[in-house]
Amino acid sequence: MNFKQMVGIEATKYIQNDMIVGLGTGSTAYYMVEEVGRKIKEEGLKITGVTTSKATEAQASALGIPLRSIDEVSHVDLTIDGADEIDKNFQGIKGGGAALLFEKIVATYSKEVIWIVDQSKMVNTLGAFPLPVEVIPYGSQQIFRILEKRGYQPQFRLKTDGSFLYTDSQNLIIDLAMETIANPEQLAEELTNMVGVVEHGLFLNMVHRVIIGSDSGLVTLENPKFL
Ligand code: 5RP
């Protein structure tokens, strides 16, 4: 069993009957969704899932997980998702799989958020992983120029055939090669205030618990902010 599978399975232990569960996106969340499907089928687990991307929706419905959209539920009890980077203050970067918008919406309306990662995602300072910014296509070249002038080394995210990658909401992603993000709050505010920016991949003050897979086994960290 690889680390992604280990943390994915471990996280499902926090799911209880009748919960509304946010189902994350990515290669780690994939294993969590598979395990939820197995528990429904083999153990009679009863939950409602709220997916964070079309990919997760397709996987979850193929597994027979009952689904509702975020607008059809009053709240989400628990969201389990992957992450691209997590710093020592439990701040994170997400969006490597281009699903940051729905992921942030579902996390925002969740009572609890768990991230599942391998040790390589734990960092001292955010920024080595390119920070995704989701922008509407109209005016995106203007945003790109501003980001370039600010020295953020923007790159439009492309598909393997060289064409623009469009998100599930038909937006574009601009990845910022920040290298080091000294003040995540300040950068988050700056990006949020740009006209045409729909959302950015800084997930600040959102995660309650992080489950990390490493050579020495599983480690679960609780965010003291929420204790
Ligand atoms: C998708 C995400 C993913 O959760 C993140 O990229 C981690 O993915 P993986 O588990 O495949 O490394 O934010 O938008």
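The rules behind each value
Residues numbered from 1 in each chain as written. Predicted model: local features only at pLDDT ≥ 70, side-chain atom pairs only at ≥ 80, totals over all residues. Heavy atoms only, no water. Helix = DSSP H or I, 4+ residues; strand = E, 2+ residues; numbered from the N terminus. Rg over C-alpha atoms; globule rule 2.2 N^0.38 Å. Buried < 20%, exposed > 50% of the residue type's maximum accessible area, 1.4 Å probe, protein only. Areas by Shrake-Rupley, 256 points an atom, 1.4 Å probe, with all protein chains shown as cover. Lys, Arg positive; Asp, Glu negative; His and termini not counted. Charge placed at Lys NZ, Arg CZ, Asp CG, Glu CD. Axes fitted to C-alpha atoms, helices over the stretch in contact; angles between N-to-C directions. Parallel < 35°, antiparallel > 145°, perpendicular 65-115°, else oblique. Left-handed = near helix turned anticlockwise from the far one by under 90°. Contact = heavy atoms within 4.5 Å. Nonpolar A, V, L, I, M, F, W, Y, C, P; charged D, E, K, R; others polar. Core = buried A, V, L, I, M, F, W, Y, C linked by side-chain atoms within 4.5 Å. 1 Å grid on protein atoms, 1.4 Å probe; cavity = no way out; pocket = protein on both sides within 12 Å on 5 of 7 lines; lining within 4 Å. Points joined across faces, edges and corners; volume = space filled by probe spheres on them.

*Asks:* Is there a simple way to explain the overall build of the protein chain in this structure?
*Replies:* For the protein chain, the helix and strand inventory stands at six helices and 13 strands. In terms of C-alpha radius of gyration, the protein chain reaches 17 Å, essentially the compact-globule figure of 17 Å for 227 residues. Seen along its three principal axes, the alpha-carbon backbone of the protein chain occupies a region of about 55 × 35 × 35 Å. By the burial criterion, 52% of the 227 residues in the protein chain qualify as buried. Within the structure as shown, the protein chain displays about 10,900 Å² of accessible surface, and the carbon and sulfur contribution to it stands at 51%. Placing the 20 positive and 29 negative side-chain charges of the protein chain at their respective mean positions leaves the two points 1 Å apart.

*Asks:* For this particular structure, what's the right way to read the packing of helix 1 (residues 3-11) against helix 2 (residues 27-43)?
*Replies:* When two helices pack together, their arrangement is given by the angle between the helix axes and the distance between those axes. For the pair helix 1 and helix 2, interaxial distance at closest approach is 8 Å and the crossing angle is 45°. The angle between helix 1 and helix 2 falls in the class oblique. For the crossing formed where helix 1 meets helix 2, the hand is right-handed. Facing K4, Q5, V7, G8 and I9 of helix 1, the residues of helix 2 in contact are S27, T28, Y31, M32 and E35. Within the contact of helix 1 with helix 2, the residues separate by chemical class into four nonpolar, four polar and two charged.

*Asks:* Mind showing me how you'd approach the nonpolar core here?
*Replies:* Looking at soluble globular proteins, one finds that nonpolar side chains tend to be buried together. Counting 22 residues, the largest nonpolar core has L176 and L202 as its most contacted members. At the level of secondary structure, the elements contributing two or more residues to this core comprise strand 7 (131-135), helix 5 (140-149), strand 9 (172-176) and helix 6 (184-192). Discounting residues that sit within four places of it in the chain, L202 has contacts with G92, I93, K104, L126, L131, I181, P184, L187 and A188. Grouped together as the second largest cluster of nonpolar side chains are 21 residues, A29, V33, L45 and A60 included.

*Asks:* What exactly am I supposed to notice about the layout of surface pockets here?
*Replies:* Looking at the largest pocket, its volume works out to about 210 Å³. Lining the largest pocket are 13 residues, and of these V50, T51, S69, I70 and F102 lie nearest its centre. Mapped onto the lining of the largest pocket, the elements with two or more residues apiece are strand 2 (48-51), helix 3 (54-62) and helix 4 (100-108). At three residues, helix 4 tops the list of elements feeding residues into the lining of the largest pocket. Considered as a void within the structure, the second largest pocket measures approximately 160 Å³ in volume. Every residue lining the second largest pocket is counted, 17 residues in all, and those nearest its centre are T25, G26, A83, D84 and G97.

Shape descriptors only; they carry no functional weight alone.
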